[in-house]
Amino acid sequence: MRALPQLGFVEAIKLASSRILDFKGRSRRSEFWWWIPIILIANWVLSSLTSNLLVNGIISTITMFFGLSATARRLQDADKSAWWVYISYALGIVNTVMTATSSSINKLMEEASSGSFDPDTIMKIWGHNAGEMLFYTIVSFLFVIFALIVFIMCLKDSEPQTTEHGDSPKYVDE
């Protein structure tokens, strides 16, 4: 078996963008790692157009969806389950919705960004909404853990052999 050369920027972007809704098969690291910065930059640019948290949450959810299929294929190429990224994405959506819609979380964010960190105010907010705040903390923690696991798995090289997800896009028989 021999490895094909790494995909260039333009080739990787063309390939990834042509497969936005393709959750089956496999994607090489170069396709994934050229595509994801494009998605993140698009998300940043679009989100910077508004200061409304709900609108930003919707924009982020939509733009990050365009990276979901590439991430699923990347995991499958490394012979990992795409469910890791699906769970991470779902946790991210719950986290985003809670951030955008929770008055308690918004009060905490305002307090943190005001520059005057008042522990009494923070404890008061937590005390009045302990269940909601605990749920938000747990979801946020799980989201970070799952996202980190997905990130690490995306670093793994392609499996050279054919897997249940198809032939290797990187390795070819000589």
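Residues numbered from 1 in each chain as written. Predicted model: local features only at pLDDT ≥ 70, side-chain atom pairs only at ≥ 80, totals over all residues. Heavy atoms only, no water.

Draft legend 1. Spotlight on the overall build of the protein chain. Regarding its fold elements, the protein chain presents 7 helices and 2 strands. In the protein chain, the order of α-helices and β-strands from amino to carboxyl end is β-α-α-α-α-α-α-α-β. For 174 residues, the compact-globule estimate of 2.2 N^0.38 gives 16 Å, and the C-alpha radius of gyration of the protein chain, at 20 Å, exceeds that figure by more than 25%. Taken over 174 residues, the protein chain has a buried fraction of 38%. (Helix = DSSP H or I, 4+ residues; strand = E, 2+ residues; numbered from the N terminus. Rg over C-alpha atoms; globule rule 2.2 N^0.38 Å. Buried < 20%, exposed > 50% of the residue type's maximum accessible area, 1.4 Å probe, protein only.)

Draft legend 2. Structural context of the packing of aromatic side chains. According to the stated counting rule, one finds 8 aromatic pairs in the structure shown. With a centroid separation of 6.3 Å and an interplanar angle of 55°, the aromatic rings of Phe23 and Tyr86 are classed as tilted. With a gap of 63 residues between them, Phe23 in the loop between helix H1 (9-18) and helix H2 (29-47) and Tyr86 in helix H4 (residues 83-101) connect regions that are remote in the sequence. Ring geometry for Phe65 versus Phe66: centroids 6.2 Å apart, planes at 65°, classification edge-to-face. Its relative accessible area of 32% is what places Phe66 among the partly exposed residues. Aromatic rings pair up to connect Phe23, Phe65, Phe66, Trp83 and Tyr86 into one cluster. (Phe/Tyr/Trp six-rings, centres within 6.5 Å; stacked < 30°, edge-to-face > 60°.)

Draft legend 3. Representation of the environment of Ser60 within the structure. Take Ser60: it is sitting in helix H3 (residues 53-77). C-alpha separation for the pair Ser60 and Ile87, spaced 27 residues apart in sequence, amounts to 16 Å. Excluding residues within four positions of it along the chain, Ser60 makes contact with Asn43 and Ser47. One polar contact links Ser60 to Asn43, side chain to side chain, over a distance of 3.1 Å. (Contact = heavy atoms within 4.5 Å. Polar contact = N/O pair within 3.5 Å; in protein donor to acceptor, adjacent residues only side chain to side chain.)

Draft legend 4. Structural detail: the nonpolar core. Core analysis: the largest hydrophobic core is formed by 16 residues, its most contacted members being Phe32, Trp35, Leu75, Val85, Val150 and Cys154. Counting residues per element, the ones that place at least two in this core are H1, H2, H3, H4 and helix H7 (130-154). Filtering out sequence-adjacent residues up to four positions away, Val85 remains in contact with Leu68, Thr71, Ala72, Leu75 and Val150. (Core = buried A, V, L, I, M, F, W, Y, C linked by side-chain atoms within 4.5 Å.)

Draft legend 5. A look at the pattern of salt bridges. In total, this model carries 8 salt bridges according to the counting rule given. Notably, a salt bridge pairs Asp77 with Arg74, separated by 3.0 Å at the nearest N-O pair. In this pair, Asp77 and Arg74 both sit in helix H3, 3 residues apart, roughly one turn of the helix. It is possible to trace a salt-bridge network through shared partners that takes in Arg19, Asp22, Glu31 and Arg73. (Salt bridge = Lys/Arg side-chain N within 4 Å of Asp/Glu carboxyl O.)

Draft legend 6. Here's a closer look at the side chain of Lys170. With respect to the helices and strands, Lys170 occurs in the loop between H7 and strand S2 (171-172). Lys170 gets classed as buried once you look at its relative accessible area, which sits at 14%. At 2.8 Å, the side chain of Lys170 forms a polar contact with the side chain of Asp157. Beyond its immediate stretch of four places on either side in the chain, Lys170 contacts Arg2, Ala3, Leu4, Arg28, Arg29, Asp157 and Ser158.

Draft legend 7. Molecular detail of H4. Taking 1.5 Å per residue as the helical rise, H4 with its 19 residues ought to reach 27 Å, and the 27 Å between its terminal C-alpha atoms agrees with that figure. Turning to H4, its buried residues are Val85, Ser88, Tyr89, Leu91, Gly92, Asn95, Met98, Thr99 and Ala100. (Expected span 1.5 Å × (residues − 1).)

Draft legend 8. Region of interest: the packing of H4 against H7. One can describe the packing of H4 onto H7 by two numbers: an axis separation of 8 Å at closest approach and a directional angle of 145°. Handedness of the H4/H7 crossing: left-handed. In contact with Trp84, Val85, Ile87, Ser88, Leu91, Gly92, Val94, Asn95, Met98 and Thr99 of H4, H7 contributes Glu132, Phe135, Tyr136, Val139, Ser140, Leu142, Phe143, Phe146, Ala147, Ile149, Val150 and Met153. (Axes fitted to C-alpha atoms, helices over the stretch in contact; angles between N-to-C directions. Left-handed = near helix turned anticlockwise from the far one by under 90°.)

Draft legend 9. Quick peek at H3. In a regular helix each residue adds 1.5 Å, so 25 residues correspond to 36 Å; H3 covers 35 Å between its end C-alpha atoms and thus fits that length. Its maximal kink placed at Phe66, H3 deviates by approximately 35°. N-capping of H3 is provided by Asn52, with a side-chain oxygen placed 2.8 Å from the backbone N of Leu54. Two residues or fewer past H3, Asp79 is found with a positive phi of approximately 60°. (Bend = angle between axes of the 7 residues up to and from the residue.)

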